[in-house]
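Fold and geometry: a report
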Amino acid sequence: MASVPAVLTSEWTKIRSVSSTTWTLISAFVVTVAMGTALSALLNAQFNDLSEAEQATFDPTFVSFSGTVLGQLAMVVFGVLVVGTEYSSGMIRTSLAAVPQRATFLFGKITVAGALALIVGLLTSFVSFFLSQAVLGDRGTDLGAENVLRAVVGGGLYMGLIAIFSMGVAAMLRSSMLSLGILMPFFFLVSQILAAVPVAKTVARYFPDQAGSKIMQVVPDAMNSDPAPYGPWGGLGIMALWVVAAVLGGFLVLKNRDA
Amino acid sequence: MIEVERLTKRFGRKVAVDQLSFQVRPGIVTGFLGPNGAGKSTTMRMMLDLDNPTSGSVRIDGRHYRELSEPLKYIGALLDAKAMHGGRSAYNNLLCLAQSNRIPRGRVDEVLDMVGLAAVAKKKSKGFSLGMGQRLGIASALLGDPEILMFDEPVNGLDPEGIHWIRNLMKALASEGRTIFVSSHLMSEMALTADHLIVIGQGRLLADTSMAAFIQENSRSYTRLRSPQWERLRDVLHQEGYTAVETAGGVLEIDGASTEELGELAARHQLVLHELSSQRASLEEAFMQMTAGSVEYHAHSERDPGAEPPPPPGAGWGENWNAPGSTDGKGA
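Sequence order as written defines residue numbering, which begins from 1 separately in each chain. Here the convention is simple: chains get letters from A, ligands get numbers from 1, in the order in which they are written. In keeping with the model being predicted, local features are shown solely for residues with a pLDDT of at least 70 and side-chain atom pairs are shown and tallied solely at 80 or more, while totals for entire chains, interfaces and linings include all residues.

This is how it is decided: UniProt positions are given in the numbering used here, feature names are shortened, and annotations may be inferred rather than shown by experiment.
Per an unreviewed UniProt entry, chain B carries the name ATP-binding cassette domain-containing protein and comes from Streptomyces californicus. Recorded in UniProt for chain B, the comment headed Sequence similarities (unreviewed entry) runs: "Belongs to the ABC transporter superfamily."

An unreviewed UniProt entry lists chain A under the name ABC transporter permease subunit, with Streptomyces globisporus as the source organism.

Next comes the structure, spelled out in structure tokens:
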């Protein structure tokens, strides 16, 4: 068997030596933090215009992650490119000739890229939180409050899982363009729209992003959202199942198809 | 030693590689020859475990490729010059490969120097010309200092200087006792580099022979005579028991006779000769004859490449092609 530390070192070299890594991860950080802070400031300024129900369920923690909806797209691009460029460049044949044990190759790649996405996700999450709380002032909360630390760490886990999910999908589809063409509209439009449509939302809340984002809420049914049949960890668990399914699917495709 | 045994690959109904068995012996250059689409690249990909064979197996020193823990130290392969990430520098493309097989970092600089890319090591490989890409691919093959090297069409698209360089490199590697397996669709290229020859056509083995034996069997040598008195010359040759073949413009071709004896014969009969030369049919012609029945893509031909034996033009397109109950399966 190939040496696992050697494969991890190799995958780390691959990730750090392409510019797409830097710009996707910086975008994820900047977009999430900037949009979260800006929306926090906006809601704070217009707090009195919010409906009574929204005021009652105002969740300063959840509000600080408002940027995730856009920032996660950069994480999707990161995840897709990490796997997809192996195929678009033809590098996959060189890579598999060097590491013919396909499980070691794919899981090594996902481990390194997933860990990096997770670290950037956590950093994004904490910075988003602190900046937003600073902007919210008296309406804000702090890490010591009940469930807040869970939500902030959860926000980082969410970003990491979105990236890993995208890696699994790209491994299944073996193409960056196809994967982005499906994942971007799905997370940006389809999932968001279906989650707002009366009948469809009973299904949409089991989508990875809808279920996973539950972890970022501290106040139950935050911002007057619909009650979900699962808790914060249950939601993240559902998302994790999606991730496992995508990665497993990607592995089966890699294992059985010709490179 | 690479042992290929009854290797078969089907893509749907099309058989790309058909019960192929051969061995690549250590210490020599083995040429892998076949027309375009004969299954050379597919076979090489299966040797590296990139494509899964439909049946059959490939063993490298008795083991499957997937069982090799650090395969770059066993086999180096150049399959596709473009098989690198264009956004990564040449150095980093090689470094990540080296690291995966625990090859020391210093070796990256060594191979870059060896292929003449040291000056552009930090440049992104997408800016490379075809020749530079080929050199980078060869550098990656040499990375693990392997005993076995595989090159798929290494001279394709190279300029004469690049072709010359690759030829000398292969000879140098072979002289160090390494096993070289190199594919080509050009017989002339093989004749210059290979010691042993494996010829395939439509995925089937056509020949497995030493280069010397192939040349001896396939290169017909004859003497060419041109004379203004060619009719008399023909009669004289006939009387002396030579078989002369007439070709256009009064040229005679004689098998199995030396230029000396024919020249002296003409002198004895006081015949004027305008030409007396020894000719050799090219190996390219021999190769084309051998693979004539199995060329995959003829220009201006539309026959079904999977059909076997090749049907005459128009077969399968007779008036009954759409008749109900047709059972030949064509067009299914």
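**Some points on helix α8 (residues 230–239) of chain B**
Residue and element names in this part refer to chain B. So the rule is basically this: Exposure classification rests on a simple neighbour count of other C-beta atoms within 10 Å of a residue's own: a residue reaching 20 or more is buried, one at 12 or fewer is exposed, and one in between is partly exposed. C-beta atoms are placed from the backbone. A run of H or I in DSSP becomes a helix once it reaches four residues, and a run of E becomes a strand once it reaches two; helices and strands are each numbered from the N terminus. Regarding the arc, it is the one traced by the directions from the helix axis to the C-beta atoms. Any two residues are considered in contact once their C-beta atoms, placed from the backbone, lie within 7 Å.
Along α8, the positions that sit buried rather than exposed are W230, L233 and L237. For α8, the buried positions fall inside an angular range of 55° around the axis, keeping them on one side. Exposed positions of α8 whose direction lies more than 90 degrees from the buried face are E231, H238 and Q239. Tucked inside the fold, the buried residues of α8 contact β10 (221–226), β11 (244–247), β12 (251–255) and α9 (259–268). At the C-terminal side of α8, G241 shows a positive phi close to 90°.

**Quick notes on the pairing of strand β13 (residues 275–280) of chain B**
Residues and elements named next belong to chain B. The condition is simple: Here, strands pair whenever DSSP counts at least two bridges between them.
The buried count for β13 comes to 0 of 6 residues, which makes it a mostly uncovered element. Across 6 bridges, β10 lies against β13 in antiparallel orientation. The residue of β13 that forms the bridge with R224 is S277.

**Things to note about the environment of V199 of chain A**
Secondary-structure assignment places V199 of chain A in the loop between α9 (176–194) and α10 (201–204). Since 8 C-beta atoms lie within 10 Å of it, V199 of chain A is described here as exposed.

**Here we look at the sheet that holds strand β1 (residues 2–11) of chain B**
Residue and element names in this part refer to chain B. So the rule is basically this: Axis geometry follows a simple rule: fit a line to the C-alpha atoms, using only the stretch in contact for helices, then measure angles between N-to-C directions, giving values from 0 to 180 degrees.
In spatial order, the strands read β2-β1-β4; together these 3 strands make up an open sheet with antiparallel pairing. One side of each edge strand has no neighbouring strand; the edge strands of this open sheet are β2 (14–24) and β4 (55–60). Each neighbouring strand pair of the sheet contributes to a mean axis angle of 20°, computed without reference to strand direction. Here β1 runs beside β2; their pairing, made up of 7 bridges, is antiparallel. Paired with E3 across the strands is Q23, a residue of β2.

**With respect to the interface of chain A and chain B**
Just so we agree on the cut-off: Gly is placed with the polar residues, together with every amino acid not listed as nonpolar (Ala, Val, Leu, Ile, Met, Phe, Trp, Tyr, Cys and Pro) or charged (Asp, Glu, Lys and Arg).
Contacts between chain A and chain B engage 27 residues on the former and 31 residues on the latter. Where the side of chain A that touches chain B is concerned, the elements lending two or more residues are α1 (4–16), α2 (19–45), α5 (68–89) and α6 (91–98) of chain A. Its residues placed into classes, the side of chain A that touches chain B shows 12 nonpolar, 12 polar and 3 charged.

**A word on the UniProt feature "domain: ABC transporter" (unreviewed entry) in chain B**
Following the UniProt record, the feature "domain: ABC transporter" (unreviewed entry) maps to residues 2–227 of chain B here. Its end C-alpha atoms 54 Å apart, residues 2–227 of chain B is made of 32% helix and 29% strand.

**Some details on the nonpolar core**
In plain terms, the rule: In this usage, the nonpolar core is the set of buried Ala, Val, Leu, Ile, Met, Phe, Trp, Tyr and Cys residues whose C-beta atoms join them within 7 Å.
Ranked by internal contacts, the top residues of the largest apolar core, which has 139 residues, are F78 of chain A together with L94 and A139 of chain B. Counting residues per element, this core draws most heavily on helix α8 (residues 148–173) of chain A, at 16 residues. Aside from chain neighbours lying at most four places away, what touches L94 of chain B is V108, V111, L112, A139, S140 and L143 of chain B. By size, the runner-up hydrophobic cluster in this structure holds 7 residues, among which are W230, L233, L252 and L262 of chain B.

**Remarks on the packing of α5 of chain A against α8 of chain A**
Angle between the axes and distance between the axes are the two parameters that describe a pair of packed helices. Residues and elements named next belong to chain A. The condition that has to hold: Here is the rule for angles: anything less than 35 degrees is roughly parallel, anything more than 145 is roughly antiparallel, 65 through 115 is roughly perpendicular, and the remaining ranges are oblique. Take the far helix as the reference: if the near one is turned anticlockwise from it by less than a right angle, the crossing is left-handed, and if turned clockwise, right-handed.
With their axes 7 Å apart at the nearest point, α5 and α8 run at an angle of 40° to one another. Between α5 and α8, the interaxial angle falls into the category oblique. As α5 runs across α8, the sense of the crossing is right-handed. Within the contact between the two elements, α5 uses T68, Q72, M75, V76, F78, G79, V80, V82, V83 and G84 and α8 uses G155, Y158, M159, I162, A163, I164, S166, M167, A170 and A171. For the contact of α5 with α8, a count of residues per class yields 14 nonpolar, 6 polar and no charged.

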